[in-house]
Amino acid sequence: MKRYKDAAELATAFSAVVNEMKRRFSDTDTLPIADDEDFRDYQNFIARVILVQRDLDDLLEQAIGLEDGSEESPLQVLDFSSEWESYD
């Protein structure tokens, strides 16, 4: 389904942005914020990330539950360890 492919591409792009921000944050002792507008944008971003994290947690719980309850699906063990290592 094209929707899954599109979602995977968005997740990859978002992960790249988050990892870039993590690198920036690790290079400094303070938030890299230039002015009040930057600070408001930062707060908005963090609030949205928290909401996305909650949505992702719910989605993963539902998807795993559906996978566990579906006997029609082929058995496949997914190993993402190499994917996560490439983001470090």
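In the block above lies the structure referred to throughout.
This is a predicted model, so every value here is computed, not measured.

Cut-off values and rules
Residues numbered from 1 in each chain as written. Predicted model: local features only at pLDDT ≥ 70, side-chain atom pairs only at ≥ 80, totals over all residues. Heavy atoms only, no water. Patch = residues over 30% accessible without salt bridge, like charges linked within 9 Å, V, L, I, M, F, W, Y side chains within 5 Å. Areas by Shrake-Rupley, 256 points an atom, 1.4 Å probe, with all protein chains shown as cover. Salt bridge = Lys/Arg side-chain N within 4 Å of Asp/Glu carboxyl O. Lys, Arg positive; Asp, Glu negative; His and termini not counted. Charge placed at Lys NZ, Arg CZ, Asp CG, Glu CD. Helix = DSSP H or I, 4+ residues; strand = E, 2+ residues; numbered from the N terminus. Buried < 20%, exposed > 50% of the residue type's maximum accessible area, 1.4 Å probe, protein only.

**Some thoughts on a negative patch on the surface**
Taken together, Asp35, Asp36, Glu37, Asp38 and Asp41 make up a surface patch of like negative charges. Position of Asp38 relative to the elements: it lies in helix H2 (residues 36-69).

**Focus: a nonpolar patch on the surface**
Nonpolar side chains collect at one region of the surface, where Phe14, Val52, Leu56 and Leu59 lie side by side and expose about 340 Å² of accessible area between them. Residue placement: Phe14 occurs in helix H1 (residues 2-26). Overall, the relative accessible area of 36% leaves Phe14 in the partly exposed class.

**Quick look at the pattern of salt bridges**
Counted according to the given criterion, the structure contains 3 salt bridges. Glu20 is the salt-bridge partner of Arg23, the closest N and O atoms lying 3.5 Å from each other. One end of the pair, Arg23, and the other, Glu20, are both in helix H1, 3 residues apart, so they sit about a helical turn from each other. According to the relative accessible area criterion, Glu20 is partly exposed, its value standing at 33%. Linking Arg24 and Glu20 is a salt bridge whose minimum nitrogen-to-oxygen distance equals 3.4 Å. Linking Arg24 with Glu20, this pair stays in helix H1, spanning 4 residues, or about one helical turn.

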